[in-house]
Amino acid sequence: MATSGGGSYRNGTHRNSLKVDRPFSMNSNPKTSVKSKPLSSSGLRRSSTGSIGAAKDDAGVPGRVRVAVRLRPRNTEELVADADFADCVELQPELKRLKLRKNNWDSDTYEFDEVLTEFASQKRVYEVVAKPVVESVLDGYNGTIMAYGQTGTGKTYTLGRLGEEDTAARGIMVRAMEDILADVSLETDSISVSYLQLYMETIQDLLDPANDNIPIVEDSKTGDVSLPGANLVEIRDQKSFVELLRLGEAHRFAANTKLNTESSRSHAILMVHVKRSVKGKHSALSSEKGSNLHMKTLRPAIVRKGKLVVVDLAGSERIDKSGSEGHTLEEAKSINLSLSALGKCINALAENSVHVPVRDSKLTRLLKDSFGGTARTSLVITIGPSPRHRGETASTIMFGQRAMKVENMLKLKEEFDYKSLSRGLDIQLDKLISEHERQQKAFENEIERITTEAQNRISEVERNYEDALEEERVKYQRDYMESIKKLEEQLVKNQQKHGFEKVPVRSEDDCSALTSNTEIIKLRKMLEDEALQKEKLEGEIAILHSQLLQISSEADETRRRLDRGGSGKVPGDLDSLFSQVKLQQQEPGNGEKASVAKLFEQVGLQKILSLLESEDSDLRIHAVKVVANLAAEETNQEKIVEAGGLTSLLMLLRSSENETIHRVAAGAIANLAMNETNQELIMGQGGIGLLSITAANAEDPQTLRMVAGAIANLCGNDKLQMKLRGEGGIKALLGMVRCRHPDVLAQVARGIANFAKCESRASMQGTKTGRSLLIEDGALPWIVQNANNEASPIRRHIELALCHLAQHEANAKDMISGGALWELVRISRDCSREDIRTLAHRTLTSCPAFQAEMRRL
Ligand code: ADP
Ligand code: MG
């Protein structure tokens, strides 16, 4: 090419020939120079139609693809080769214009968002081209920075310089990462990077070259594009990022060598994912402060995701389809497919075309969510100064001009951080659970406290009620007894009066008889009234009693209900015993034994025996009656003794002044004394002494009968003869004959007979010698006196006693002198019982002393 202006050309005529003095505006269209309709920075179009892939109704901030042009300085070769030629472009950076020389006298002027001269520093390039995009990414948008231009015009220089030797030379990628790292907080935010190469419609991982043919995945809902197959490396510092870039570059170089291609034919794509948690009003954790937890206030933390895509595009120069570069036609088509598809998409978008052929290539699919549309996009077109490449330069400029018409509609990429929401909820749930547990525990404690209180109250009410009831009952009973007593006294008086008057009535005084009869009628009436009153009172007692039982059972029921787990105690036992023992006197005689047995079963012997020591004398009497009834049954005797009943009964003889208690206790002891073992126990516990004292003090024939019966039983024990007699048993027995009651006498006689029988056995066995202890203790006169008693039980026992005494020579003398012999003779003749008669006869005949006496007489 011929040169005219030499080195001065660039700064000489050409510049001066420009029609720049006319003002440049959106609407100005200098007919010769401004070819396109570039937009002024204020002229933002509002239409949302021009986007690669964004949904048109997505909310977003409108914007436009920003395009900067960068001119590379002449390289060494150009300095030489083009030395005589002017550059094909002239830049007017302050006007943001570029003039493309058509020929020596004419040029076209184009306006860009930025015009970067060959002197523009890397720093400035970064600031005007990349920084707004990086800031946008940090705010949660997607952003793309692309370099387009002919091979060798400085795309890689602009984007990929690592600048390790000279920091001023650092390219956009390195500077972008520096800014990102400076802005994020690595505690809450994350940065991860993929680095890829696209060549002949195949995506290869530059961080792991074995990983190629990586598929593009699109989220049908969000439209987000991702490459899940690609390595995603987390970046925590600048150094590791630079390392990663270097590694990627090395792999790119090696891969291209292997494929025998030029790196200029492939696209290098760096993807930086920035994930930031947004602090402040939406933060999940900030709403959790304090103990006041409300679900309403808990919201997931918001995560803003921005994706920065930096694309170092393949060289824009046409591939020689003639095959001179060693490519087949198909290869040539494929190599350029992505770039030409990008061009077509940009054209469609620029013209607001309905159809944008995004799907035509991998590159356009990959940039779907990052170019135009919802992303902020910057394009830097790189051009060389050489007029030899004017054609390519012009085409690059046109590409940039069209791209300037592409609109963006920025969309904030925010999403809820459900993971931290879940964590927050977990923490909250945990707190709620522990709070719930605490409340539950407090509630249970409260329930327990209320239950205890209720139980105490029930017990108290029961006690009060029972006391009141008992008081009432005792009062009624006392009144009743007093009434009966009064009536009886009155009756006795009247009878006496009547008896005295009866004789004269029959003989003399009709008037007196009449008075007497009237009185009797009156008394009868009173008696009837009293009986009625008694019945009424008993009825009332029965009602009160059933009420008490009902209350007791209700209380038991309540207690059982409250008593969770059931301690097994039955607190009503003693109460019910109390009631039942008291009921004894109201029970008809027939039912008594059965009810006593039932009682025995229900309440247990120990409890009945414990009542023998009750403070309440009334209760003591009833208890001793129950024990006496039980002792009448042979089956119960052993149990009573085992449970200490015998000792208690003996204690009662000692401690009580009450005649009834003496009577009943003695009766019980008499019953127990039927058993040989018990006889020894009674003796062992000083029973004979106690019985003797009781006998000496008793007036009541029934008491004496019981005591005599008890001693009589003891008299029948062979082993206890000496002890019994030694402790005054025989004397006590004989002392009781002062009461002439036949029942008492019968028991005394039985005792004597038992004793005599044992003595005779002992004598026959040779363990006893000498005269009978009965005779020693002076029993003989009474025996002789009552030998012919009209009461047969007395008579029989004495007859037997005499027979036993007569068997021994030692007694003969006393018997003869005491008149016993004659009684024996009488028995041998007159006794109605043949066995006794025979026994007496045999005794008389076998005893030489008796024979001698009878012969003497
Ligand atoms: P491309 O990637 O577009 O093929 P490169 O970035 O490889 O071009 O640049 C080609 C050559 O030009 C490299 O040697 C590079 O250092 C140099 N170069 C590119 N742009 C500039 C610039 N603005 N200043 C100085 N040298 C540059
Ligand atoms: Mg390059």
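The rules behind the values
- Residues numbered from 1 in each chain as written.
- Chains lettered and ligands numbered in written order.
- Predicted model: local features only at pLDDT ≥ 70, side-chain atom pairs only at ≥ 80, totals over all residues.
- Heavy atoms only, no water.
- UniProt positions renumbered as here; feature names shortened; annotations may be inferred.
- Helix = DSSP H or I, 4+ residues; strand = E, 2+ residues; numbered from the N terminus.
- Buried < 20%, exposed > 50% of the residue type's maximum accessible area, 1.4 Å probe, protein only.
- Contact = heavy atoms within 4.5 Å.
- Areas by Shrake-Rupley, 256 points an atom, 1.4 Å probe, with all protein chains shown as cover.
- Phe/Tyr/Trp six-rings, centres within 6.5 Å; stacked < 30°, edge-to-face > 60°.
- Lys NZ or Arg CZ within 6 Å of the ring centre and 35° of its normal.
- Near = heavy atom within 4 Å.
- Polar contact = N/O pair within 3.5 Å; in protein donor to acceptor, adjacent residues only side chain to side chain.
- Nonpolar A, V, L, I, M, F, W, Y, C, P; charged D, E, K, R; others polar.
- Salt bridge = Lys/Arg side-chain N within 4 Å of Asp/Glu carboxyl O.
- Pairing = 2+ DSSP bridges.
- Axes fitted to C-alpha atoms, helices over the stretch in contact; angles between N-to-C directions.
- Expected span 1.5 Å × (residues − 1).
- Parallel < 35°, antiparallel > 145°, perpendicular 65-115°, else oblique.
- Left-handed = near helix turned anticlockwise from the far one by under 90°.

As annotated in an unreviewed UniProt entry, the protein chain is Kinesin-like protein from Carya illinoinensis. The heading Subunit (unreviewed entry) in the UniProt record of the protein chain holds the text "Interacts (via C-terminus) with NEK5."

Visitor: So what's going on with the overall build of the protein chain? Residues and values would help.
Guide: Broken down by element type, the protein chain carries 31 helices and 17 strands. Considering the protein chain as a whole, with its 857 residues, one finds that 47% of them fall into the buried category. Look at the contacts in the protein chain between residues 6 or more apart in sequence, and 73% of them connect residues 24 or more apart. By element, 52% of the accessible surface of the protein chain is carried by carbon and sulfur atoms, the whole surface being about 43,700 Å².

Visitor: Tell me what's going on with the packing of aromatic side chains, and back it up with residues and numbers.
Guide: Scanning the model with the defined rule gives 1 aromatic pair in all. Its end group placed over the ring of Y476, K475 keeps NZ or CZ at 5.5 Å from the ring centre.

Visitor: Tell me about the site of ligand 1, and please be specific about residues and values.
Guide: Every residue near ligand 1 is listed here: R70, R72, P73, Q150, T151, G152, T153, G154, K155, T156 and Y157. The backbone of G152 places a nitrogen or oxygen atom 2.6 Å from an oxygen atom of ligand 1. T156 places a polar side-chain atom, nitrogen or oxygen, 2.8 Å from an oxygen atom of ligand 1. Of all the elements, helix α4 (residues 155-160) adds the most residues to the shell around ligand 1, at 3 residues. Taken together, the residues that form the shell around ligand 1 break down as 2 nonpolar, 6 polar and 3 charged.

Visitor: Provide a residue-level description of the pattern of salt bridges, including the pertinent values.
Guide: Tallied over the entire structure, the rule returns 42 salt bridges. A salt bridge links D108 to K102; the shortest N-O distance between them is 3.8 Å. Ionic pairing is found between R796 and E799, a salt bridge with its closest N-O pair at 3.0 Å. Within this pair, R796 and its partner E799 are both found in helix α27 (residues 792-806), separated by 3 residues, close to a single helical turn. Of the residues examined, R796 reaches a relative accessible area of 15% and is grouped as buried. Its relative accessible area of 1% is what places E799 among the buried residues. Taken together, the shared-partner salt bridges in this structure form one network comprising E218, R359, R365 and K368.

Visitor: So what's going on with the pairing of strand β5 (residues 106-111)? Residues and values would help.
Guide: Both faces of the sheet carry side chains from a regular strand, because those side chains alternate between them. Most of β5 is tucked away, with 6 of its 6 residues classed as buried. Going residue by residue along β5, you find D106, D108 and Y110 tucked away on one face and S107, T109 and E111 tucked away on the opposite face as well. With 6 bridges connecting them, strand β4 (residues 97-103) and β5 associate as antiparallel partners. Residue R101 lies in a different strand from β5, and its bridge partner there is S107.

Visitor: Pulling in residues and values, what's your account of the sheet that holds strand β3 (residues 89-92)?
Guide: With antiparallel pairing, 3 strands are arranged side by side in an open sheet as β3-β4-β5. Looking at which strands have only one partner, the edges of the open sheet turn out to be β3 and β5. Here the average twist between neighbouring strands, direction ignored, is 25 degrees. For β3 and β4, the ladder comprises 4 bridges, and the chain directions are antiparallel. Considered in β4, the bridge of V89 is made with L100. Here helix α9 (residues 390-403) sits on the sheet and contacts β3, β4 and β5; the angle it forms with β4, its principal contact strand, is near 140 degrees.

Visitor: Hey, could you go over helix α18 (residues 659-672) for me, with residue numbers and the actual values?
Guide: The end-to-end C-alpha distance of α18, which contains 14 residues, comes to 20 Å, matching closely the 20 Å that a straight helix rising 1.5 Å per residue would cover. Judged by how many residues are buried, α18 sits mostly within the fold: 10 of 14 residues are covered. Along α18, the residues that are buried comprise I661, H662, V664, A665, A666, G667, A668, I669, A670 and L672. The inward-facing, buried residues of α18 contact α15 (617-631), α16 (634-642), α17 (645-655), α19 (676-684), α20 (687-697) and α21 (701-715).

Visitor: How would you sum up unusual backbone geometry? Please name residues and give values.
Guide: Of note in this structure, K96 is not a glycine but carries a positive phi near 60 degrees. Of note, K96 is situated in the loop between β3 and β4. Since its relative accessible area comes to 32%, K96 is described here as partly exposed. Unusually for a residue other than glycine, N352 sits at a positive phi of about 55 degrees. Here N352 shows up in the loop between α7 (329-350) and α8 (362-366). For N352, a relative accessible area of 38% corresponds to the partly exposed category.

Visitor: Give a detailed account of the packing of α20 against α21, specifying residues and quantitative values.
Guide: Interhelical geometry of α20 versus α21 gives an angle of 150 degrees and a closest axis separation of 10 Å. What the angle tells us is that α20 and α21 run roughly antiparallel. Once α20 is placed against α21, the crossing between them reads as left-handed. For the pair α20 and α21, contact is made by I688, L691, T694 and A695 and by T703, L704, V707, A710, I711 and L714, respectively. Tallied by class, the residues present in the contact of α20 with α21 amount to 8 nonpolar, 2 polar and no charged.

Visitor: I'd like a rundown of the packing of α27 against helix α29 (residues 820-830), residues and numbers included.
Guide: Orientation of α27 relative to α29, taken along the N-to-C sense of each, is 115 degrees, at an axis distance of 10 Å. In terms of crossing hand, the pair formed by α27 and α29 is left-handed. Across the interface between the two elements, E799, L802, C803 and A806 of α27 pack against A820, E823, L824, R826 and I827 of α29. Each residue belonging to the contact of α27 with α29 can be placed in one class, and the counts come to 6 nonpolar, no polar and 3 charged.

Visitor: Can you lay out the pairing of strand β9 (residues 202-205) for me, pointing to particular residues and giving the numbers?
Guide: By the bridge criterion, 4 bridges tie strand β8 (residues 190-199) to β9 in an arrangement that is antiparallel. When the bridges of β9 are listed, Q197 appears paired with Q204. Where β8 folds back on β9, the antiparallel hairpin that results is connected by 2 residues, among which M200 adopts a positive phi of roughly 50 degrees.

Visitor: Provide a residue-level description of the side chain of Q238, including the pertinent values.
Guide: Among the secondary structure elements, Q238 is positioned in helix α6 (residues 238-258). With relative accessibility at 18%, the residue Q238 sits in the buried group. At a separation of 3.2 Å, a polar atom in the side chain of Q238 contacts the main-chain carbonyl oxygen of V174. Not counting residues within four places of it along the chain, the set of residues in contact with Q238 comprises V174, M177, E178 and L181.

Visitor: Give a description of the environment of T117 that names residues and reports values.
Guide: Structurally, T117 is set in the loop between β6 (114-116) and α3 (122-138). By relative accessible area, which is 16% here, T117 ends up buried. Between the alpha carbons of T117 and P73 there is a distance of 8.2 Å; along the sequence they are 44 residues apart.

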